[in-house]
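# Descriptive analysis of the structure
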Amino acid sequence: MYDSIVIGCGFAGAVVARELAEKKNKRVLIIDSRPHIGGNCYDRKDEYGILIHQYGPHIFHTNNERVFKYLSRFTEWYPFRHEVVGKIGGRELPIPFNLNTLDMVYGERALELENKLISSFGEGARVPILELMNHPDEDLQEIAQYVYENIFLKYTMKQWGRSPKEIDPAVSGRVPVLLSRDNRYFQDKYQGIPLHGYTEIFEKMLDHEGIDIRLNCQGTDVLCLDPEGDVKVRFEDEPFHGDVIFTGALDEFFGCCYGRLPYRSLDFYFEHYEKPFYQSHAVVNYTVSEKFTRITEFKYLSGQLDMKDTTIVKEYPKAYSGSKGEIPYYAINNPENDALFEKYKALVDQIPGFYLLGRLAEYKYYNIDAIVERALDLAERL
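This text gives an overview of the structure that appears in the document. (Residues numbered from 1 in each chain as written. Predicted model: local features only at pLDDT ≥ 70, side-chain atom pairs only at ≥ 80, totals over all residues. Heavy atoms only, no water.)

Moving on, we get to the packing of aromatic side chains. Throughout the structure, instances matching the rule amount to 31 aromatic pairs. Relative to Phe 186, the ring of Tyr 185 lies with its centre 5.1 Å away and its plane at 85 degrees, an arrangement referred to as edge-to-face. Ring pairs connect the aromatic residues Phe 246, Phe 253, Phe 254, Tyr 258, Tyr 344 and Phe 354, which therefore count as one cluster. One cation-aromatic arrangement involves Lys 275 over Tyr 273; the distance from NZ or CZ to the ring centre is 5.6 Å. The ring centre of Phe 277 lies 4.5 Å from the NZ or CZ of Lys 299, which sits over that ring. (Phe/Tyr/Trp six-rings, centres within 6.5 Å; stacked < 30°, edge-to-face > 60°. Lys NZ or Arg CZ within 6 Å of the ring centre and 35° of its normal.)

Printed below as a string of structure tokens:
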């Protein structure tokens, strides 16, 4: 029945399915274990009518005109300017640390420090704190130490479940200080939220006569691989000779036969308040205090600013154990984990027509725009 089978219905799977059906005239089946399309970008209106992101906030941003034009086929955009603040010592400070943050932290000393920064690195520069830490000027070292301790260290410990000694200095060293007064979290040319939500993008993208969708279905229930057999792929116990595009967790597809790949997961706690706003920005990071890492207030993202009440979500990071209901969100990349992933990848390298695509399948982090481009490229190659 099918030329191609796609496992997973997030952006990776949906884009490649649409392209194969539309451009290559393929008959495509998408399989997803969840009861809905859209993967982690799935959004919906809650019982109060507020559009919430079920799996945490997603703000689209890109400098890639090809990707922006492609997604714009399926949505209009709400031009959202994403600004993040950190709750530090009872104050809300702009993040990433910039010249406005410098003013708020250092007061009368700020102008002198600003002049030193700009004379050393130039206006508009993104200076890694490792570079400031190694600078001969003690004042610039002091700024780097403030950013490290108050914005990076404890937030990262919560996010990744690591002690300070376990945090790679190279990672912390990349944390930037921005020598500008632009409070936007992203500086990309194109930024925004789909005007009617992410789910509508997927509904339109998958509305094609060449695409079938099967939800509440585990890929392993209908698909199996046999690297040693004459028939490499079987679908519903029948030989399958088409392409398989896999976007799920690769270790789990093979029953974690070499051991489980480590991921970080998240618990989301939604709360509703009968007041116009809960906080000052869409996202407030708790970089020092609290067990959660951030609070998102959704009406900022959706533009529903005139609603009389509001819905928020708090994010609590945790280790992923594979228990029912848990979702792997972030690969924990280090030499040991990456070597384990390569063992799983070697299994599929023996299977002609079996392709890995996306955060879980490739065990690496992608923004939305990057994975859309990879999906477009893969569809072109097939």
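One pass over the structure, following the stated rule, counts 28 salt bridges. Note that Asp 182 is salt-bridged to Arg 81, the shortest N-O span being 3.8 Å. On the criterion of sequence distance, the pair formed by Asp 182 in the loop between β10 (176-178) and β11 (190-194) and Arg 81 in the loop between β6 (77-78) and β7 (84-88) is long-range, its members being 101 residues apart. The exposure class assigned to Arg 81 is partly exposed, which follows from its relative accessible area of 47%. Across the salt bridge formed by Glu 142 and Arg 109, the nearest N and O atoms sit 3.2 Å from each other. One end of the pair, Glu 142, is in helix α6 (residues 138-160); the other, Arg 109, is in the loop between α3 (99-106) and α4 (110-121), with 33 residues separating them in the sequence. A residue is classified by how much of its surface remains accessible, and Glu 142, at 32% relative accessible area, is partly exposed. Here Arg 109 falls in the partly exposed class, since its relative accessible area comes to 32%. (Salt bridge = Lys/Arg side-chain N within 4 Å of Asp/Glu carboxyl O. Helix = DSSP H or I, 4+ residues; strand = E, 2+ residues; numbered from the N terminus. Buried < 20%, exposed > 50% of the residue type's maximum accessible area, 1.4 Å probe, protein only.)

If you walk across this open sheet you meet the three strands as β13-β14-β15, and the pairing is antiparallel. Only two strands of the sheet have a single partner each, and these edge strands are β13 (223-225) and β15 (238-239). (Pairing = 2+ DSSP bridges.)

To continue, consider the sheet that holds strand β12 (residues 211-214). The strands making up a sheet associate through backbone hydrogen bonding, with each pair oriented either parallel or antiparallel. Pairing is parallel across the open sheet formed by five strands, whose spatial order is β12-β2-β1-β16-β22. Each edge of the sheet is formed by a strand with only one pairing partner; in this case those strands are β12 and β22 (354-356). Mean inter-strand twist for the sheet, computed between neighbouring axes without regard to direction, equals 20 degrees. Of the pairings in the sheet, the one linking strand β16 (residues 243-246) to β22 comprises three bridges and is parallel in character. When the bridges of β22 are listed, Val 244 appears paired with Phe 354. (Axes fitted to C-alpha atoms, helices over the stretch in contact; angles between N-to-C directions.)

Contact geometry for helix α1 (residues 11-23) and helix α14 (residues 368-381): axes closest at 8 Å, N-to-C directions at 30 degrees. Seen from above, α1 lies across α14 with right-handed handedness. Along its contact with α1, which presents Phe 11, Ala 12, Val 15, Val 16, Glu 19 and Leu 20, the element α14 presents Ile 368, Ile 371, Val 372, Ala 375, Leu 376, Leu 378 and Ala 379. In the contact of α1 with α14, the residues fall into twelve nonpolar, no polar and one charged. (Left-handed = near helix turned anticlockwise from the far one by under 90°. Contact = heavy atoms within 4.5 Å. Nonpolar A, V, L, I, M, F, W, Y, C, P; charged D, E, K, R; others polar.)

This next bit is on the packing of α3 against α6. The packing of two helices is summarised by the inter-axis angle and the distance between the axes. At a minimum axis distance of 12 Å, the contact between α3 and α6 shows a crossing angle of 95 degrees. Taken together, the axis directions place α3 and α6 in an arrangement best described as roughly perpendicular. Touching Leu 102, Val 105 and Tyr 106 of α3 are Glu 142, Ile 143 and Tyr 146, all from α6. Per-class residue counts for the contact of α3 with α6 are five nonpolar, no polar and one charged. (Parallel < 35°, antiparallel > 145°, perpendicular 65-115°, else oblique.)

For helix α12 (residues 335-349), spanning 15 residues, the distance from its first C-alpha to its last is 20 Å, which sits close to the expected 21 Å at 1.5 Å a residue. Inspection of α12 places Asn 337, Leu 340, Phe 341, Tyr 344, Leu 347 and Val 348 among the buried residues, and these make up the whole buried set. One side of α12 holds all its buried residues, which, seen down the axis, span an arc of 100 degrees. Exposed and oriented more than 90 degrees from the buried face of α12 are Pro 335, Glu 336 and Asp 349. Taken together, the buried residues of α12 touch β13, α10 (250-253), β22 and α13 (359-362). (Expected span 1.5 Å × (residues − 1). Arc of directions from axis to C-beta.)

What follows deals with helix α2 (residues 65-72). Taken as a whole, α2 has its buried residues at Val 67, Phe 68, Tyr 70 and Leu 71. Across the axial projection of α2, the buried residues extend over an arc of 165 degrees, all falling on one side. Its buried side turned inward, α2 meets α1, β5 (60-62), β6, β11, α8 (198-205) and α14.

Note that Ser 302 resides in helix α11 (residues 298-302). Not counting the four nearest positions on each side in its chain, Ser 302 is found in contact with Leu 51 and Tyr 78.

Within the element layout of this structure, Leu 178 appears in strand β10. For the pair Leu 178 and Ile 193, spaced 15 residues apart in sequence, the C-alpha separation works out to 24 Å.

Residue position: Asp 212 is located in strand β12. The spatial distance from the C-alpha of Asp 212 to the C-alpha of Ala 17 is 9.6 Å, given a sequence separation of 195 residues. With sequence-adjacent residues up to four places away left out, Asp 212 is seen in contact with Tyr 2, Arg 27, Val 28, Leu 29 and Ile 30. Engagement of the side chain of Asp 212 in a polar contact is seen with the side chain of Tyr 2, the distance being 2.8 Å. (Polar contact = N/O pair within 3.5 Å; in protein donor to acceptor, adjacent residues only side chain to side chain.)

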